[in-house]
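# Survey of secondary and tertiary structure
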Amino acid sequence: MQTKELAFGRGDFPEDFVFGAAASSYQIEGCRFGGCGLSHWDTFAATPGNTVRFEDGATACDHYHRWEEDLDLMRGANLDCYRFSISWARVLPEGRGAPNVAGLDFYDRLVDGMLERGLKPFATLYHWDLPVALADLGGWRNRDIAQWFADYADLAMKRLGDRVASAATINEPWCVSWLSHFHGEHAPGLRDIRATARAAHHVLLAHGRATEAMRALGMKNLGLVTNFEYAEPADGSPQAQKAARLYDGIYNRWFLSAVFQRSYPQDVLEGLLPHMPEGFEKDFDIIAAPVDWLGINYYTRKLITADGSGRFPGFKDVPGPLPKTQMGWEVYPEGLYHFIEWTHRNYTKGLPIYVTENGMASADRVSAGGVEDADRIAFLNQHLAQAKRALDQGVPLKGYIVWSLLDNYEWALGYEKRFGLVHVDFETLERTPKASWHAFADALRR
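Here the structure is a predicted model, which is why all the values come from computation and not from measurement. (Residues numbered from 1 in each chain as written. Predicted model: local features only at pLDDT ≥ 70, side-chain atom pairs only at ≥ 80, totals over all residues. Heavy atoms only, no water.)

### Quick word on the pattern of salt bridges
For the structure on display, the rule yields 37 salt bridges. For the salt bridge of K398 with D16, the shortest nitrogen-to-oxygen distance reads 3.7 Å. Residue K398 is located in strand 11 (residues 397-403), and its partner D16 is located in the segment before strand 1 (18-22); the two are separated by 382 residues in the primary sequence. When its relative accessible area of 27% is taken as the criterion, K398 is described as partly exposed. Two residues, D154 and K158, come together in a salt bridge whose shortest N-O distance is 3.2 Å. With D154 and K158 both in helix 7 (residues 145-160), this residue pair falls 4 residues apart, about one helical turn. The class of D154 is partly exposed, set by a relative accessible area of 21%. (Salt bridge = Lys/Arg side-chain N within 4 Å of Asp/Glu carboxyl O. Helix = DSSP H or I, 4+ residues; strand = E, 2+ residues; numbered from the N terminus. Buried < 20%, exposed > 50% of the residue type's maximum accessible area, 1.4 Å probe, protein only.)

### What to know about helix 9 (residues 193-216)
Because an α-helix completes one turn every 3.6 residues, residues spaced three or four positions apart along the sequence face the same direction. For helix 9, built from 24 residues, the straight-helix expectation of 34 Å at 1.5 Å per residue is met to within 8% by its first-to-last C-alpha distance of 35 Å. Across the 24 residues of helix 9, 18 count as buried, placing the element largely inside the fold. Looking at where helix 9 begins, the residue whose side-chain oxygen comes 2.9 Å from the main-chain nitrogen of R194 is D192. Just downstream of helix 9, G218 is the residue with a positive phi angle, here 85 degrees. (Expected span 1.5 Å × (residues − 1). Polar contact = N/O pair within 3.5 Å; in protein donor to acceptor, adjacent residues only side chain to side chain.)

### A closer look at the nonpolar core
In this structure, I86, W88, W140, M157, W254 and Y264 are the most contacted members of the largest nonpolar core, which totals 139 residues. Those residues in contact with W88, other than ones at most four positions away along the chain, are G95, Y126, D129, L130, P131, L134, W140, I145, W148, F149 and Y152. A22, F122, Y354 and W403 belong to the second-largest nonpolar core, a separate cluster that totals 14 residues. (Core = buried A, V, L, I, M, F, W, Y, C linked by side-chain atoms within 4.5 Å. Contact = heavy atoms within 4.5 Å.)

### A look at the side chain of H423
The residue H423 is located in strand 12 (residues 422-424) in this model. Classification of H423 by relative accessible area gives buried; the value is 11%. Each residue touching H423, except ones within four places of it in the same chain, is listed here: V366, V371, D407, R418, E430, R431, T432 and K434.

### Considerations on the packing of helix 8 (residues 173-181) against helix 9
Contact geometry for helix 8 and helix 9: axes closest at 8 Å, N-to-C directions at 170 degrees. For the element pair helix 8 / helix 9, the angle class is roughly antiparallel. On the side of helix 8, the interface is formed by P173, V176, S177, W178 and H181, while helix 9 contributes I193, A195, T196, A199, A200 and V203. (Axes fitted to C-alpha atoms, helices over the stretch in contact; angles between N-to-C directions. Parallel < 35°, antiparallel > 145°, perpendicular 65-115°, else oblique.)

### With respect to the pairing of strand 1
Summarising burial for strand 1: 5 of the 5 residues are buried, a large majority. Burial of strand 1 is two-sided: the residues V18, G20 and A22 facing one way and the residues F19 and A21 facing the other way are all buried. Where strand 1 and strand 11 come together, 5 bridges link them in parallel fashion. Its bridge partner lying in strand 11, V18 is registered against G399. Looking at chain direction, strand 1 and strand 2 (residues 81-85) are connected through 3 bridges and run parallel. By the bridge assignment for strand 2, G20 is matched with C81. (Pairing = 2+ DSSP bridges.)

### Structural notes on unusual backbone geometry
The amide bond that connects A187 to the next residue, P188, takes the cis arrangement and shows omega of 10 degrees. The residue P188 is located in the loop between helix 8 and helix 9 in this model. In this structure, P313 follows F312 across a cis peptide bond, with omega equal to 5 degrees. With respect to the helices, strands and loops of the structure, P313 is situated in the loop between strand 6 (293-306) and strand 7 (315-318). Phi angles above zero are rare outside glycine, and N78 is one such case at about 65 degrees. Its location among the elements puts N78 in the loop between helix 3 (63-76) and strand 2.

### Concerning the environment of G9
Within the secondary structure, G9 sits in the segment before strand 1. Put simply, G9 and A441 are 432 residues apart on the chain and 10.0 Å apart in space, counted from C-alpha to C-alpha.

### So, the packing of aromatic side chains
Applying the stated criterion to the full structure yields 45 aromatic pairs. When the centroid spacing of 5.2 Å and the interplanar angle of 90 degrees are considered together, the rings of F13 and F19 count as edge-to-face. Since its relative accessible area comes to 7%, F13 is described here as buried. Judged by centre distance (6.4 Å) and plane angle (85 degrees), the rings of F228 and W342 are edge-to-face. Note that F228 is positioned in strand 5 (residues 222-233) and W342 in helix 13 (residues 334-348), a separation of 114 residues in sequence. Residue F228 is classed as buried on the basis of its relative accessible area, which comes to 2%. Clustering of aromatic rings is evident, with ring pairs tying together Y26, W41, F44, W128, Y409, W411, Y415 and F426. Between R90 and the ring centre of F106, over which it is positioned, the NZ or CZ distance is 5.6 Å. (Phe/Tyr/Trp six-rings, centres within 6.5 Å; stacked < 30°, edge-to-face > 60°. Lys NZ or Arg CZ within 6 Å of the ring centre and 35° of its normal.)

Okay, structure coming up:
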């Protein structure tokens, strides 16, 4: 029988270690409220075949109106911080120009509400809701987006920067570039290698420009949030080993190498070089603008082999034998330790590291007695053990943030995949804390 308790408590971690939960604007706020502009996710979701049942974030969890209840839930779980994202389309409906005063006022109230409840505001500037007016101009394919993003960062943080505990520029640049422009699974839904190469560079250039803009405001504690997948060869063949190495380069090394080593990994660049923007190598001084911390988002591993196509990148993943989440992702806790230690040793070298997303989607059991999610509690225990392992080896890990606070809009998969510590009835929008929420409340009680 699986435990209903977390195996770790505050006393097992350093005094300044923070525990939190995360969410993103488009997934929970409801973009039809408060003067929010259209994002490319609205048009992507309106296109047949892109999302389950045409589901979108128009209402989502209605966090725009229910934010006080949601912050109370976070405080009730004895969490220390809330990692939230600011919607570019809510702040600047056209992406540039005149701001939406109601949007800025909303984030003002939200940040103040966190502080009133003793929650540290961990802000993220971009979690994928690009204003459609900028998508019309090429979006992440257009080099000008770096300056548009810096201007947006300046506007948002002139309003909020004096109160946020930390600020991240981009959430998961691999998703912004590869998942969205090569695999076509996220907005804007492209499958184009040239678009991918340019997006993968411009998203980093935008990170650097926005970091410079926030530094100019006197802000500190700035970072970048990158996502990782543990790439393992599916078999012992040289082809599988080469494919897994390239997968690791695209997914894990490309973005860190640029920010911390002012270069791109050669194995990836060999395939992307014909499609890269002219003069891209001159941008590394901006891309490598110093950060104060790095965020690690980690969920799973992939078993990789060659796809036999002979075309770059030429790999595919195959099903693995480990237990899987509702997303079909293997549960591989050791990967979290690997990336914390590997990132510290090769890239950040002493900078604070945060686990900024870790969690699982599960088919929770709802009954009159509450919501049982023993699989999630087991998952959290396994991954917290790996975080503790890294800490015990001297890695400067400063926090662990669960994805997600609420069941929410899981992008192209609609509302079926539930990641939350809190169950949301998407008909009534009623919130019900799950067993995992209660486990945190008990483990983190001071």
